[in-house]
Amino acid sequence: MEIMEYFDSLLASQDHLISDIRAKYYLKNSKLIYMIGRTYIVSFSICAVIITMFQAYYSANNLPLFYSIPGIPRESIFFYPVNLIYQLPTFWIVYEMYLTSDIILVSLIIYFDAEMMSIADLIATMNTPNLSESELGLILKKTLETHVVLTKFAEDLKALLWHCYLIKLFMVTFLLISGMFLIQIDVNWFIPAVLIILVGIINCFIMCFLGQFLLDGSELMSESLYMMKWHEMKTSDQKALLMLMISFDRHLKVETFGFGTINYNTFVQICKASFSYATIFYALLK
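### Some thoughts on the overall build of the chain
Here is step 1: Along its length, the chain carries seven helices and two strands.
Here is step 2: When the helices and strands of the chain are read in sequence order from the N terminus, they spell out α-α-α-α-α-α-β-β-α.
Here is step 3: Relative to a compact globule of 286 residues, whose C-alpha radius of gyration would be 19 Å, the chain shows 25 Å and is clearly more extended.
Here is step 4: Considered along the principal axes of its C-alpha atoms, the chain spans approximately 85 × 40 × 25 Å.
Here is step 5: Among the 286 residues that make up the chain, the fraction classed as buried is 44%.
Here is step 6: Intrachain contacts of the chain at a sequence separation of at least 6 include 76% that bridge at least 24 residues.
Here is step 7: Summed over all atoms, the accessible surface of the chain reaches about 15,800 Å², with 69% contributed by carbon and sulfur.

### Examining the packing of helix α2 (residues 19–58) against helix α3 (residues 79–124)
Here is step 1: Taken N-terminus to C-terminus, the directions of α2 and α3 make an angle of 160°; their axes are 9 Å apart at the nearest point. In terms of axis orientation, α2 runs roughly antiparallel to α3. α3 is crossed by α2, and the crossing has right-handed handedness.
Here is step 2: A class-by-class count of the residues in the contact of α2 with α3 yields 24 nonpolar, seven polar and seven charged.

### Points about the nonpolar core
Here is step 1: Within the largest apolar cluster, 73 residues are counted, with the highest numbers of intra-cluster contacts made by F7, I110, F112, Y165, L214 and L225.
Here is step 2: When residues of this core are traced back to their parent elements, those giving at least two are α1 (2–12), α2, α3, α4 (133–185), α5 (190–226), α6 (235–248) and α7 (264–285).

### Examining the packing of α1 against α3
Here is step 1: Direction vectors running N to C along α1 and α3 enclose 40°, while the axes themselves pass 11 Å from each other. Relative to α3, the element α1 is oriented oblique. The handedness of the crossing between α1 and α3 comes out as left-handed. Of α3, the residues touching α1 (which contributes I3, M4, Y6, F7 and L10) are I104, L108, Y111, F112 and E115.
Here is step 2: Per-class residue counts for the contact of α1 with α3 are nine nonpolar, no polar and one charged.

### Looking at a nonpolar patch on the surface
Here is step 1: On the surface, V42, I46, I50, I183, V187, F190, I191 and V194 cluster together to form a nonpolar patch covering roughly 660 Å² of accessible area.
Here is step 2: Those elements that place two or more of their residues in the nonpolar patch are α2 and α5.
Here is step 3: Along the polypeptide, I191 turns up in helix α5.
Here is step 4: A relative accessible area of 44% means that I191 is categorised as partly exposed.

### Let's talk about the side chain of S118
Here is step 1: Take S118: it is sitting in helix α3.
Here is step 2: A residue is classified by how much of its surface remains accessible, and S118, at 0% relative accessible area, is buried.
Here is step 3: Among the polar contacts listed, one links the side chain of S118 to the backbone oxygen of A114, at a separation of 2.8 Å.
Here is step 4: Among all residues touching S118, those that are not within four sequence positions of it are I18, I21, R22, Y25 and Y26.

### Quick look at the pattern of salt bridges
Here is step 1: Per the counting criterion, the structure on display carries three salt bridges.
Here is step 2: Notably, a salt bridge pairs R22 with E115, separated by 3.0 Å at the nearest N-O pair. A residue pair is termed long-range when its members are at least 10 positions apart, and R22 in helix α2 and E115 in helix α3 qualify at 93 residues.
Here is step 3: E115 sits in the buried class, given a relative accessible area of 0%.
Here is step 4: Linking D121 and K24 is a salt bridge whose minimum nitrogen-to-oxygen distance equals 3.0 Å. Separated by 97 residues along the polypeptide, D121 in helix α3 and K24 in helix α2 bring together distant segments of the chain.
Here is step 5: Looking at D121, the relative accessible area reads 18%, which means it is buried.

Rules and cut-offs
Residues numbered from 1 in each chain as written. Predicted model: local features only at pLDDT ≥ 70, side-chain atom pairs only at ≥ 80, totals over all residues. Heavy atoms only, no water. Helix = DSSP H or I, 4+ residues; strand = E, 2+ residues; numbered from the N terminus. Rg over C-alpha atoms; globule rule 2.2 N^0.38 Å. Buried < 20%, exposed > 50% of the residue type's maximum accessible area, 1.4 Å probe, protein only. Contact = heavy atoms within 4.5 Å. Areas by Shrake-Rupley, 256 points an atom, 1.4 Å probe, with all protein chains shown as cover. Axes fitted to C-alpha atoms, helices over the stretch in contact; angles between N-to-C directions. Parallel < 35°, antiparallel > 145°, perpendicular 65-115°, else oblique. Left-handed = near helix turned anticlockwise from the far one by under 90°. Nonpolar A, V, L, I, M, F, W, Y, C, P; charged D, E, K, R; others polar. Core = buried A, V, L, I, M, F, W, Y, C linked by side-chain atoms within 4.5 Å. Patch = residues over 30% accessible without salt bridge, like charges linked within 9 Å, V, L, I, M, F, W, Y side chains within 5 Å. Salt bridge = Lys/Arg side-chain N within 4 Å of Asp/Glu carboxyl O. Polar contact = N/O pair within 3.5 Å; in protein donor to acceptor, adjacent residues only side chain to side chain.

Next comes the structure, spelled out in structure tokens:
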């Protein structure tokens, strides 16, 4: 909640040094959030609909999902009504909650990137020719203040993402292993297995893309400092710039237990490991 209020306060700020820069990057990244969110919801919803339709057909229109409510025997007159009425609403409620939570995480990460891009652009303005020493000092001060606040909320974001990514990546790995295993054991389950793998791959790629996205933005913010014309600054400003460089060296990145730093390489490793585990399980149970 505090992170959301932080972004609200940034957008409501009327600071003449950075407000216009922020508006540009936040608008650009909001369009990216919309594009990712739309792709995410549409693709996952289509896969979920196809999977439920396949199971309904496979079970002769008796069960829309791959399980039945325990405690009710198949011979009971309540078996089909209870399963049909309970399963679909529960499935779609949980499914939409899952998608919504993912989109919230996507929004947080991309808005953090927008703030880092704003800081990098603000730093670049210090290379403007004929910039007075007083203006340079104001920009340096504003950069330091903005980065200090960003770092505080970034630590909260990293703690949140550590737990979320731990759960989601293990779940994605399980989905991929299950889908690959199903393909090998029963050709009748080919369609749902492929869709399960597709959902897992899309989910995994988006999560790893966001981890790489955040890391790239943090590194770009640091690189912008090293491109400064520091040799043209006065000594006091050079000292302030050095402090900023030390602070900016701590890159903002997504990390979690068992996976390390999340980036494109993580996506490749998860896909390779899932295929290996599925093959091992099939060999053991064959």
